[in-house]
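So you can see what is in the structure, the chains are spelled out below.
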Amino acid sequence: MSSGTVTNVSSIDFDSSVLTGYESYRIVLSNVTPTVDARELRMRVGTANTALTSGIYQQSVYQYGMRTTGSQLSTSQSSASNSFFWLTTNTNGMGLSTGENCYAEIYLPNPNSTTGYKHAVCRVSNFSYYPAIMGQRISAMAARTQSALNFVTFYSEQGNIATATYRLYGYS
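What you are looking at is a predicted structure, and each value in this text was computed from that prediction instead of being measured.

Rules used throughout
Residues numbered from 1 in each chain as written. Predicted model: local features only at pLDDT ≥ 70, side-chain atom pairs only at ≥ 80, totals over all residues. Heavy atoms only, no water. Phe/Tyr/Trp six-rings, centres within 6.5 Å; stacked < 30°, edge-to-face > 60°. Helix = DSSP H or I, 4+ residues; strand = E, 2+ residues; numbered from the N terminus. Buried < 20%, exposed > 50% of the residue type's maximum accessible area, 1.4 Å probe, protein only. Pairing = 2+ DSSP bridges. Polar contact = N/O pair within 3.5 Å; in protein donor to acceptor, adjacent residues only side chain to side chain. Contact = heavy atoms within 4.5 Å.

This model, assessed by the stated rule, comprises six aromatic pairs. Arranged with centres 6.3 Å apart and planes meeting at 85°, the rings of Phe14 and Phe154 form a pair that is edge-to-face. Here Phe14, found in strand E2 (residues 12-14), pairs with Phe154, found in strand E12 (residues 151-156); they are 140 residues apart in sequence, far enough to count as distant. Its relative accessible area of 2% is what places Phe14 among the buried residues.

Below, the structure written as structure tokens:
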């Protein structure tokens, strides 16, 4: 449906021009790197082609991995009223060093519904600034809105997204 590569952008946005006509969507981000080291990759959903920024994002995320030294690493974050979703946690920020990059798959089941809160299912693999490879083991994500969604944005906690490749798939 939609694909491309971006360089030095404040966000990667999908609006009603592409989020129309399907029952669910899958977004794949690959080779994501930040302009500022050790920063989270974040996501928001929205209506009227605008991100919702209020405290409607409820999430519990657990990420596990291994440092290049062989030691294990784990991190978790939870919030009942955040203003965004975490794709990487605060101790699993994206890195700038050679080879460091993030991969994320996000599945949005039934975003066009006007009943029930909106879920997001996410898988992440991030070679972070530690350096360490971190994967997402558990992520429960829901935006507490019953409005139909027609906007999704991805952005870095600070600075820009230096590079990324994206693909959007629609499923009937």
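Still more ground to cover, so stick around.
Another point: the pairing of strand E10 (residues 118-128). Residues Lys118, Ala120, Cys122, Val124, Asn126 and Ser128 line the buried face of E10, whereas the alternating positions His119, Val121, Arg123, Ser125 and Phe127 sit on a face that is not buried. Here six bridges tie strand E9 (residues 102-109) to E10, and the two strands are oriented antiparallel to one another. Within E10, the residue paired with Cys102 across the bridge is Asn126. Bridge count between E10 and strand E11 (residues 132-143): seven bridges; the pairing is antiparallel. Bridged to Lys118 within E11 is Ala143. The hairpin formed by E10 and E11 contains three residues between the paired strands.

For the rest of this paragraph, the subject is the side chain of Ser60. With respect to the helices and strands, the residue Ser60 is situated in strand E6 (residues 57-67). Reaching out from Ser60, the side chain makes a polar contact with the side chain of Ser78 at a distance of 3.0 Å. Leave out the neighbours within four places in its chain, and Ser60 touches Gln77, Ser78, Ile138, Ser139 and Ala140.

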